[in-house]
Amino acid sequence: MRREGKRNGVFTRRALLIGGAQLAGLGWLGSRLYQVQVEEGARYSTLAEANRISSRLIAPPRGRLLDRFGAVIAGNRQNWRALLIAEQAADASASVEAFARFIPLTDAERNRIERELRRHRRFIPVVLREFLSWEEMARIEVNAPELPGVLVDVGTTRQYPLGPQMAHIIGYVAPPNEADVAGDTMLALPGMRVGRGGMERTHDEVLRGRAGAVQLEVNAVGRVIRELDRQEGTQGRDVTLTIDAELQASVLGRLGDESASAVVLDARNGEVLAMATNPSFDPSLFNSGVSQAQWVEWTNNRRAPLINKAASGLYAPGSTFKMVVALAGLEAKAVTVNDRVNCPGYMDFGDRRYHCWSKGGHGNVDLRGALKNSCDVYFYEVARRTGIDKIAAMSSRFGLGTKLAVDLPGTRQGFVPTRAWRASQGKAWNIGDTIVCGIGQGYIQLSPLALATMTARLATGRAVEPHLTRAIGGMAGAGARAEDWPSIGLPERLLSQIRDGMWAVVNEQQGTATVARLDIPGVQMSGKTGSVQVRNVTREQREKGFKSENLPWELRPHALFVGFAPHDAPRYALALVVEHGNAGSATAAPIARDIMQDVLRRDPARRNEAPPRVAGRS
Amino acid sequence: MALNERRLIRAEADFGIATKLWRVSWVYILLLCMLAGVGYVALFSAAGGAAEPYAAKHILRFGFGLMLMVAIAMVDIRIIAKMSWLAYASGVALLVLVLRMGHVGKGAQRWIDFGGTLWQPSEWMKLALVLALAHWFHKASWERMGNPLFLLPPIIALLVPVGLILKEPNLGTAVICAVVGGVVFLGAGVRWWKVLIVVGAIVVVAPIAYEHLHDYQRSRIDNFLYPERDPLGTGYNIIQSRIALGSGGMWGKGFLQGTQGHLNFLPEKQTDFIFAIYAEEFGLVGGLALIGLLAAIIGGGIVIGVRCRHQYGRLLALGISTNFFMYVFVNIAMVTGSIPVGGVPLPLVSHGGSAMIMVMIGMGLLMSVHVHRDVEFEEHRDDP
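This structure is a prediction, so every number in the text was calculated from the model and none was measured.

### Considering the overall build of chain B
Assigned secondary structure in chain B consists of 17 helices and 3 strands. Looking at chain B as a whole, 58% of its 384 residues are labelled buried. A separation threshold of at least 6 residues defines the contact pool for chain B, and within that pool the share at least 24 residues apart is 76%.

Below, the structure written as structure tokens:
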């Protein structure tokens, strides 16, 4: 009993103590209530009975896209619009009807408004009409008493000051769909846009920002008396791209009327300085809605303005692929630098004859000569000796036919065949297929972006990855310095042999691209041309002295050029594809020369050596 | 010896239903009815001045809960004690079940579908934990209380459900569960510093458990801890709630005079934010009166514990009252914007069936303690 009593005593003491603490807790809640209801409540109690507090969410302005020097590529401009807050209208559909009497609404608009009224919570404003003129705004304001729940406010809309020049890089924004809104309620706010392509999509979350809220005192008819409290939203952060907008414009200008695309990389770190695709389109049209006629025009245009040919267009690389074939052969020791191959203008293998582009042949050529003259027979032979799988393996080290870590949505990987791939189709690999791969034809399909990457890797020996993002919110990521990129693991000795051949292409008599010789003293470009047939040339045509210039446009060969400069200290890599441009040396090389000269004169990579700030690793 | 004699008589007179009903604290039940009445009024107002869809159902459920409570109060406390660990095991099993196949709702996997209603096993677990801990300490002699090894099993019994609830993740309920368990430890006479060690251990373990959660689970926890990350969700409710409270002022706007339009912003006005509706219309005076009523219920529960003559009943009463207190405290602190939103209802006032049934089961257990406060209930068998 003694112990029992003691235990009981302890319990009683403690229970009362705990109970006391709980009462104290409730007392504290009472004091909090006093604070909120009476002390802070004074702020609200001054409001007249007839007045109400209305809370509204404010959409944050979308972050901007800037070029590497801070020029605005994608910005915001003011957008006056009429909104309807269902909660403040006695009858929302009556308000819509009344609105339509002053500003006519199309059936499509009505359907959209009805759908949004059903879908959103009652305090979320629904857009009745965007991009109001002054006259329309005046009409709404004058008739405000008849339009309960309708208000005019100013939001922002996306603006692309450079228009078509940047279209394929920017991508576009569009109103969010239901799935987007389910993922982020903020997107239900009027004027919010979601990035649907390009960099707008890559950085959508960064650009989007966070919503704020504003508390307004409104009178009985819903007119705003004053603002009580405002929590600013956070503007989306700006994203700085690697693009040089002026260079981009200049490159696009040089492409002229051709259906063409060009990529200029900083060869040391993979920064995309220009990525131009011609023809282009105006991305701001997507923001306000594209007309049917415009859409039909775009999709039917055989020059495909909506497609980013630089990253999503795939072409047989033709002779621009020969460097990779040569390196595969050299590394596999299937050929040495000094080995000579006799080119009589063709090579017979099996029961087929493989032609060199030069009918008369090149005679006995070594590697340097074969590159310089783009001798097909030499590379048929190297490819035959090396084998397709080693060529494919070398390709992937140069970023060809493999997935690049590029931050642009819609980039296509391209394709380089292997025996395993052919076997997976249930077919045996023919040596003949290897032979045509030796000159970058056959199954090989690559994008200009991949070719530019290949060129940059040839020039620097480092596995740079192309990328378009330079900094987010002023903070740069890793990868700006050449040392950030691993070596591709080829001996400098081999690479310099290849570069020497490419130098000869441009800078030696009888090179295939002497026209591309730079007009800048002391600076030389090295490069390689390519011309790829889009149809087979028959023996009959060949004997008749076939001229591709006489073909209809869509049957002419594509013209390609890849190159880097300066030769001694590679800084810029370039790839250019002119669709149906006939010959690399005649069409592509002069354009490439002008672009590279322009790049070197501007020297964008050198102008701001250091990126803004490096993001701290926390 | 008069005392012993009295106990003997009581033990032999295994009193019948009528006696038990007589011993039920009808005053306490009156307090509960008043609280449910406040709930009716507030829910009537939340529906814009109509019994449907909340208030009528609320009072119906309360009637059912009241019958359940009285029925449980009739059950002999010794039988309840025997089933303590069974209840505990079922609670743990349900928690495991909910982790495996429960509904994901409001950002966490904490609901289970039973009979068309969504139940939170963690609510049941809190009661079951109190039952189990009370049972353990009931048979503890004063000497054994000092033995750390004796304290190990109840500590584990506390940590297992806390860990499982944390994994749902439901940090709020896990913390409430730990606090309620800790209070039972204290009531049992465990030294203050030992309880502090247990609480400290949970503080250490929780972040480790947190580390082991997947990223998406972690973001749920982060959303709980930092609601301002989600300005359109919970943060928005707080703003609205404070406008309602503030505009209520000292005397309130009067019944049904609250500006309902404002509270249309509150998607959960009839559940977690019911106090805001009530306090807008009845002001600080009404709010303090309600807090006073809640204090009376909590204090009354603790008094039931103090008046009980066996350790099991004492600890049970203390634990259940503390659980009730934690609901009230977290809810009102949340509505006044004093702590982050926790998704905890105001007991017997908020709309919601399963929560009310759980509260009333707890009240039934409490009342059983009261009815059977004097029964002969063998304690610490090993004592001389």
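### Quick look at the overall build of chain A
Looking only at helices and strands, chain A features 24 helices and 22 strands. Relative to its full complement of 618 residues, chain A shows a buried share of 56%. In chain A, the proportion of contacts linking residues at least 24 apart, taken out of those at least 6 apart, comes to 73%. As presented, chain A carries roughly 26400 Å² of accessible surface, and 49% of it is formed by carbon and sulfur atoms.

### Looking at the side chain of His580 of chain A
Residues and elements named next belong to chain A. Within the element layout of this structure, His580 appears in the loop between strand S21 (572-578) and helix H23 (584-602). Residue classification places His580 among the buried residues on the basis of a relative accessible area of 11%. A polar atom in the side chain of His580 sits 2.8 Å from the backbone oxygen of Arg556. Not counting residues up to four positions away in its chain, the partners in contact with His580 are Val534, Trp553, Glu554, Leu555, Arg556, Pro557 and His558.

### Considerations on the packing of aromatic side chains
On inspection of all chains with the given rule, the structure shows 19 aromatic pairs over all chains. Between the aromatic rings of Trp85 of chain B and Tyr88 of chain B, the centroid separation amounts to 5.3 Å while the plane-to-plane angle is 65°, which identifies the pairing as edge-to-face. Of this pair, Trp85 of chain B and Tyr88 of chain B are both found in helix H6 (residues 84-101), 3 residues apart, which corresponds to roughly one turn of the helix. Grouped by ring-pair contacts, the aromatic residues Tyr40, Phe44, Phe255, Phe275, Tyr278 and Phe282 of chain B constitute a single cluster. Cation over ring: Arg353 of chain A sits above Tyr346 of chain A, and NZ or CZ is 3.6 Å from the ring centre. Here Lys126 of chain B stacks its cationic end above the ring of Tyr327 of chain B, 4.4 Å away from the centre of that ring.

### Some remarks on the pairing of strand S14 (residues 346-349) of chain A
For a regular strand, the rule is simple: side chains alternate between the two faces of the sheet. Of the pairings in the sheet, the one linking S14 of chain A to strand S15 (residues 352-355) of chain A comprises 4 bridges and is antiparallel in character. Directly across from Phe349 of chain A, in S15 of chain A, lies its bridge partner Arg352 of chain A.

### Let's talk about the sheet that holds S21 of chain A
All names here are of chain A. Taken in spatial order, the 5 strands line up as S12-S11-S21-S20-S19 in an open sheet, and their pairing is antiparallel. On the outer flanks of this sheet lie strand S12 (272-278) and strand S19 (526-532), each paired with one strand and no other. Adjacent strand axes in the sheet meet at a mean angle of 5° when their direction is disregarded. Judged from the 6 bridges that link them, strand S11 (residues 260-266) and S12 form a sheet pairing that is antiparallel. Among the inter-strand pairings, Val263 is bridged to a residue of S12, identified as Met275. Across the sheet, helix H10 (residues 245-255) is in contact with S11, S12 and S21; its angle to S12 comes to roughly 35°.

### Overview of the packing of helix H20 (residues 448-460) of chain A against helix H21 (residues 492-507) of chain A
Running from N to C, H20 of chain A and H21 of chain A point in directions that differ by 115°, and their axes come no closer than 9 Å. From H20 of chain A, Leu458, Ala459 and Thr460 of chain A reach across to H21 of chain A, where they touch Leu495, Ile498, Arg499 and Met502 of chain A.

### Topic: unusual backbone geometry
All names here are of chain A. Of note, the amide linkage connecting Asn278 to Pro279 takes the cis form, showing an omega dihedral of -5°. Within the element layout of this structure, Pro279 appears in the loop between S12 and helix H11 (284-288). With an omega of -15°, the peptide bond running from Ala565 to Pro566 counts as cis. Here Pro566 lies in the loop between strand S20 (558-565) and S21. One non-glycine residue with positive phi stands out, namely Lys333, at about 60°. With respect to the helices and strands, the residue Lys333 is situated in the loop between helix H14 (322-331) and strand S13 (341-343). Not every positive phi belongs to a glycine, and Ser374 is a case in point at roughly 55°. If you trace the backbone, Ser374 turns up in the loop between helix H15 (367-373) and helix H16 (376-386). Taking the relative accessible area as the measure of exposure, Ser374 reaches 4% and is therefore buried.

### Remarks on H14 of chain A
All names here are of chain A. Of all 10 residues in H14, 9 are buried, a share of seventy percent or more. Looking at H14, one finds that the buried residues are Lys322, Met323, Val324, Val325, Ala326, Leu327, Ala328, Gly329 and Leu330. Immediately downstream of H14, the backbone of Lys333 shows phi near 60°, a positive value.

### What about the packing of H14 of chain A against helix H17 (residues 388-397) of chain A?
Residues and elements named next belong to chain A. Close contact between H14 and H17 brings their axes to 9 Å; oriented N to C, the two are set at 115°. With respect to the hand of their crossing, H14 and H17 are arranged in right-handed fashion. In this structure, H14 uses Val324, Val325, Leu327, Ala328 and Glu331 to contact H17, whose residues at the interface are Lys390, Ile391, Met394, Ser395 and Arg397. By residue class, the composition of the contact of H14 with H17 is 6 nonpolar, 1 polar and 3 charged.

### Remarks on a nonpolar patch on the surface
Together, Tyr34 of chain A together with Met250, Trp251 and Val285 of chain B make up a nonpolar patch on the protein surface, roughly 430 Å² of accessible area in all. Considering the arrangement of structural elements, one finds Trp251 of chain B in the loop between helix H13 (234-248) and helix H14 (260-263).

### Quick look at the pattern of salt bridges
Residue and element names in this part refer to chain A. Scanning all chains against the criterion turns up 35 salt bridges over all chains. One salt bridge connects Arg62 with Glu200, and the closest N-O pair in it is separated by 3.0 Å. Of this pair, Arg62 sits in the loop between strand S1 (52-58) and strand S2 (65-66) while Glu200 sits in helix H8 (residues 198-202), and the two are 138 residues apart along the sequence. What makes Arg62 buried here is its relative accessible area of 6%. Residues Asp594 and Arg593 are paired through a salt bridge, measuring 3.0 Å at the closest nitrogen-oxygen approach. A residue is classified by how much of its surface remains accessible, and Asp594, at 24% relative accessible area, is partly exposed. Residue classification places Arg593 among the partly exposed residues on the basis of a relative accessible area of 22%. Overlapping salt bridges, with partners in common, bring together Arg62, Arg158, Glu200, Asp204 and Arg208 in one network.

### Quick notes on the environment of Val562 of chain A
Residue and element names in this part refer to chain A. You can see Val562 is positioned in strand S20. Exposure remark for Val562: the relative accessible area of 1% places this residue in the buried category. Between the alpha carbons of Val562 and Met454 there is a distance of 9.0 Å; along the sequence they are 108 residues apart. Among all residues touching Val562, those that are not within four sequence positions of it are Thr320, Met323, Leu451, Met454, Thr455, Ser526, Gly527, Lys528, Leu574 and Ala575.

### Things to note about helix H15 (residues 274-307) of chain B
All names here are of chain B. Taking 1.5 Å of rise per residue, 34 residues should cover 50 Å, yet H15 covers just 34 Å from first to last C-alpha, more than 12% shy of that figure. Residue Gly283 marks the point of greatest curvature in H15, where the axis turns by about 125°. Within H15, 24 of the 34 residues are buried, which leaves the element mostly enclosed by the surrounding structure.

### Quick notes on the side chain of Ser526 of chain A
All names here are of chain A. Residue position: Ser526 is located in strand S19. In terms of polar contacts, Ser526 uses its side chain to reach the side chain of His567, at 2.4 Å. Among all residues touching Ser526, those that are not within four sequence positions of it are Arg499, Met502, Trp503, Val506, Val562, Gly563, Phe564 and His567.

### A look at the state of the cysteines
Residues and elements named next belong to chain A. Scanning all chains against the criterion turns up 0 disulfides over all chains. Lacking any disulfide linkage, Cys375 is separated from the closest cysteine sulfur, that of Cys343, by 3.7 Å. The exposure class assigned to Cys375 is buried, which follows from its relative accessible area of 0%.

### As for the confidence of the model for chain B
Close inspection of predicted coordinates is inappropriate for parts of the model with low pLDDT. All names here are of chain B. Averaged over all residues, the pLDDT of chain B equals 80, while 77% of them reach at least 70. Confidence, read as mean pLDDT per element, is least for H14 in chain B (46) and greatest for helix H4 (residues 55-74) (94). Long-range and interchain partners of residues 227-234, a stretch whose pLDDT sits below 50, account for 17 contacts in this model, where long-range means more than four residues apart.

### Thoughts on the confidence of the model for chain A
All names here are of chain A. Per-chain confidence: chain A averages 84 in pLDDT, with 89% of residues scoring 70 or above. Note on residues 47-51: pLDDT under 50 across the span, and 9 contacts to partners over four residues away in sequence or across chains. Throughout residues 613-618 the model reports pLDDT below 50, and contacts reaching past four residues in sequence, or to other chains, amount to 9 contacts.

Rules of the game
Residues numbered from 1 in each chain as written. Chains lettered and ligands numbered in written order. Predicted model: local features only at pLDDT ≥ 70, side-chain atom pairs only at ≥ 80, totals over all residues. Heavy atoms only, no water. Helix = DSSP H or I, 4+ residues; strand = E, 2+ residues; numbered from the N terminus. Buried < 20%, exposed > 50% of the residue type's maximum accessible area, 1.4 Å probe, protein only. Contact = heavy atoms within 4.5 Å. Areas by Shrake-Rupley, 256 points an atom, 1.4 Å probe, with all protein chains shown as cover. Polar contact = N/O pair within 3.5 Å; in protein donor to acceptor, adjacent residues only side chain to side chain. Phe/Tyr/Trp six-rings, centres within 6.5 Å; stacked < 30°, edge-to-face > 60°. Lys NZ or Arg CZ within 6 Å of the ring centre and 35° of its normal. Pairing = 2+ DSSP bridges. Axes fitted to C-alpha atoms, helices over the stretch in contact; angles between N-to-C directions. Left-handed = near helix turned anticlockwise from the far one by under 90°. Nonpolar A, V, L, I, M, F, W, Y, C, P; charged D, E, K, R; others polar. Patch = residues over 30% accessible without salt bridge, like charges linked within 9 Å, V, L, I, M, F, W, Y side chains within 5 Å. Salt bridge = Lys/Arg side-chain N within 4 Å of Asp/Glu carboxyl O. Expected span 1.5 Å × (residues − 1). Bend = angle between axes of the 7 residues up to and from the residue. Disulfide = S-S within 2.5 Å. pLDDT = per-residue confidence, 0-100.

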